[in-house]
Amino acid sequence: MAGLVAAARLRELGVRARVDEKGTRIGGSMLLSSCVIWRHREWSDFRRECPDGDPALQRLIWSRLDESLQWLVAQGAEPLSVETGNPLTTGWRFEPAALARALASRVQEIRLGTAVRETGRRSILCTGGFGGSAELVAQHIRPAAPLRLRANPWSEGDGLRLGTGRGGALSAGLTDFYGRNMPDASWGESQFVPLSQLYARFARIFDVDGVEFFARDDVSWSESNVVAATARRPTARAFYLLDEEALAGSVRDRSVADMVAAAPAATRVAPSELPFAAPAGTATAVRVAAAITHTIGGLRVDDRARVVDAGGSPVEGLWAAGVDAGGVAAGGYASGLAQALVLGLSAADDVAWAQP
Ligand SMILES: Cc1cc2nc3c(=O)[nH]c(=O)nc-3n(C[C@H](O)[C@H](O)[C@H](O)COP(=O)(O)OP(=O)(O)OC[C@H]3O[C@@H](n4cnc5c(N)ncnc54)[C@H](O)[C@@H]3O)c2cc1C
C-alpha cells in the first residue's frame, strides 16, 4: 500500500517515480486485508496502547490520517464505510481491490516481478516488513516458535536489509508483531479474515502442555496481545476452551458459536480429547496457531519518513514507509494501513521537497 500511495503522490507533485513490485500483483497485504484504515480516537489511547512507539511518528499518523483519507478519496477511492464499529477508534473502510486499482491508476509506472535494489537514486522503501522471512522472524521475534504467515508472501525483509546495509538504524519494537490466532490447519489467502479466531476474550486459554497461560480478562480489544503470548508458547499453539456461556457471546456482528463452527473440523476438539484435563463445564475447544501479519519493528525513520542512522542523521536518499518504517506501534497494535498511508504521503512530500 505505502508504495502505491507514495508513487501516486509523487506524480501529483510532478516528480517522476516508478514502483518496483516484487510480487505478481499490486496491493501487497492491503489487498488481502479488511481494509479498515483507522487511528485511535483519543491521542492518549494511542500512547497508552503503544507505549514504546516513537511519539513523533505516532503524532504524525494520528494528526494526518483524516486529511490523508480525504486524499485517498480524491484519488478515486470510495469508502464503503466511514466508521470502524469500534468506539475506541475512528477510520474508514475501503474495498481493497478497488483501492489498489484507484491508486495504481495514479502511478506513472509499475514493474511487477521486480525487486527493489540499490540504484544510487532516491528510494522509498515500502517492502512490507519482514514477516515473510522465517530467518528474520526467528532472529528478532524471540523466542517465538516458527510462525505461520497471514500476509502476502513477498514481504521478506528486503527493505530492512537494504536500509541497514546503507547504515540505517533499527527501530524499537523489533520483537513485536501483529497477527491473529488461526485454526491449526492449513488455510489460504481468502480465509485470512473469515478464519481468524477472534474470541479469546471469552475463552480459557491453555497451551499444548495444559498450562493456562493467559487470562481472558487481560485480552486486548484487538486480541493481538494473546497472539503474541501464544507465539511464545511451545509450538506457538494454544487451545481456546469454551463453555456454553462463552459460545453464546459475540464480537461485533459475529457470534462465538459461528466463529467456532467456521474453524476446520480437525481443529475443533471435544473436551475428552484434549491432551490435558479440561476444566468442568468446557463444551468445546479449538486448537489455534499464532500467525504473523506484519512486523512492528523495522527501520528507524524520522517524522519526514527519512531513514536515519544510529545518531539520528538521515541516510542520504533513503526513505521508508508502511511497516518497513518501524517503531510506530511498538508495545501494542495500531493500523498498519494508516501507517502506510500517512508515511507514504510524508515520504513522497519530503522527496519532492528535497529535489535537487
Ligand atoms: C488478512 C489481513 C487483514 C488486515 N486487516 C487490516 C485492517 O483492517 N486494517 C489495517 O490497518 N491493517 C490491516 N492489515 C494489515 C495491513 O494490510 C498492512 O499493515 C499494510 O498492508 C502494510 O502496508 P505496507 O505498504 O507496509 O505493506 P504491503 O501492503 O504488504 O505492501 C508491501 C509490498 O511490497 C512488496 N515487496 C516486498 N518485497 C519487495 C522487494 N524487495 N521489492 C519490491 N517489492 C517488494 C510486496 O509484494 C507488497 O506488494 C491486514 C492484513 C491482512 C493480511
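Scroll up a little and you will see the structure.
What counts, and at which threshold
- Residues numbered from 1 in each chain as written.
- Predicted model: local features only at pLDDT ≥ 70, side-chain atom pairs only at ≥ 80, totals over all residues.
- Heavy atoms only, no water.
- Near = heavy atom within 4 Å.
- Polar contact = N/O pair within 3.5 Å; in protein donor to acceptor, adjacent residues only side chain to side chain.
- Areas by Shrake-Rupley, 256 points an atom, 1.4 Å probe, with all protein chains shown as cover.
- Helix = DSSP H or I, 4+ residues; strand = E, 2+ residues; numbered from the N terminus.
- Pairing = 2+ DSSP bridges.
- Axes fitted to C-alpha atoms, helices over the stretch in contact; angles between N-to-C directions.
- Phe/Tyr/Trp six-rings, centres within 6.5 Å; stacked < 30°, edge-to-face > 60°.
- Lys NZ or Arg CZ within 6 Å of the ring centre and 35° of its normal.
- Buried < 20%, exposed > 50% of the residue type's maximum accessible area, 1.4 Å probe, protein only.
- Contact = heavy atoms within 4.5 Å.
- Lys, Arg positive; Asp, Glu negative; His and termini not counted.
- Salt bridge = Lys/Arg side-chain N within 4 Å of Asp/Glu carboxyl O.

1. Concerning the site of the ligand
Then comes step 1: Around the ligand, the structure places 37 residues, and the nearest of them are E21, V36, V116, D158 and S335.
Then comes step 2: M30 places a polar main-chain atom, nitrogen or oxygen, 3.3 Å from an oxygen atom of the ligand.
Then comes step 3: Contact distances for the ligand include 3.0 Å between an oxygen atom and a backbone N or O atom of L337.
Then comes step 4: Relative to its unbound accessible area of 990 Å², the ligand is 97% covered by the protein chains.
Then comes step 5: At the level of secondary structure, the elements contributing two or more residues to the shell around the ligand comprise β1 (18–21), β2 (36–40), β14 (284–295) and α10 (336–353).
Then comes step 6: Looking at the shell around the ligand, the element that brings in the most residues is α10, giving three residues.

2. What about the sheet that holds strand β5 (residues 123–125)?
Then comes step 1: With mixed pairing, three strands are arranged side by side in an open sheet as β5-β16-β15. Among the strands making up the open sheet, the edge pair consists of β5 and β15 (306–308). Averaged over neighbouring strand pairs, the angle between their axes works out to 55° when direction is ignored.
Then comes step 2: Where β15 meets strand β16 (residues 314–320), two bridges bridge the pair, whose relative direction is antiparallel. In the sheet register, R306 faces β16, and the bridge partner there is W319.

3. Quick word on the packing of aromatic side chains
Then comes step 1: Applying the stated criterion to the full structure yields 11 aromatic pairs.
Then comes step 2: In textbook terms, an aromatic cluster arises when at least three aromatic residues are bridged by ring pairs, as seen for W38, Y178, W221 and Y333.
Then comes step 3: The residue whose ring lies beneath R39 is W62, and the NZ or CZ to ring-centre distance is 5.0 Å.

4. Considering the environment of F213
Then comes step 1: Relative to the assigned elements, F213 resides in strand β9 (residues 212–214).
Then comes step 2: The exposure class of F213 is buried, given its relative accessible area of 15%.
Then comes step 3: Along the primary structure F213 and P79 are separated by 134 residues, whereas in three dimensions their C-alpha atoms are 40 Å apart.
Then comes step 4: Apart from residues no more than four positions distant in its own chain, F213 is found in contact with I205, F206, D207, A229, T230, R233 and A238.

5. A short note on the environment of Q139
Then comes step 1: Among the structural elements, Q139 can be located in helix α5 (residues 134–140).
Then comes step 2: Along the sequence, Q139 and V288 sit 149 residues apart, while their C-alpha atoms lie 23 Å from each other.

6. Description of the side chain of R180
Then comes step 1: Looking at the secondary structure, you find R180 in strand β7 (residues 177–183).
Then comes step 2: No salt bridge is formed by the buried R180; the nearest opposite charge belongs to E223, separated by 6.4 Å.
Then comes step 3: Only 2.7 Å separates the side chain of R180 from the backbone oxygen of S222, close enough to count as a polar contact.
Then comes step 4: Ignoring sequence-local partners within four residues, the contact set of R180 consists of R150, S196, L198, S222, V227, A289, A290 and A291.

7. Topic: helix α7 (residues 224–231)
Then comes step 1: Taken across its eight residues, α7 has six buried, putting it largely inside the fold.
Then comes step 2: In this structure, the buried residues of α7 make contact with β7, β8 (204–207), β9, β10 (237–242) and β14.

8. Section: the pairing of β8
Then comes step 1: As paired elements, β8 and β10 share four bridges and run antiparallel to each other. Paired with I205 across the strands is Y240, a residue of β10.
Then comes step 2: Direction of pairing for β8 relative to β9: antiparallel, over a ladder of two bridges. The residue bridging F206 from the neighbouring strand is E212, located in β9.

9. Some details on the pairing of β7
The side chains of a regular strand alternate, first on one face of the sheet and then on the other.
Then comes step 1: Buried residues dominate β7, accounting for seven of its seven residues.
Then comes step 2: Sheet topology note: the β7/β14 ladder contains seven bridges and is antiparallel. Bridging from a neighbouring strand, F177 pairs with T295 of β14.

10. Things to note about unusual backbone geometry
Then comes step 1: Although it is not a glycine, C35 adopts a positive phi angle of roughly 60°.
Then comes step 2: Inspection of the secondary structure puts C35 in the loop between β1 and β2.
Then comes step 3: Overall, C35 belongs to the buried group, its relative accessible area being 1%.
Then comes step 4: For A236, which is not a glycine, the phi torsion comes out positive at approximately 55°.

So yeah, pure geometry; function would need other evidence.
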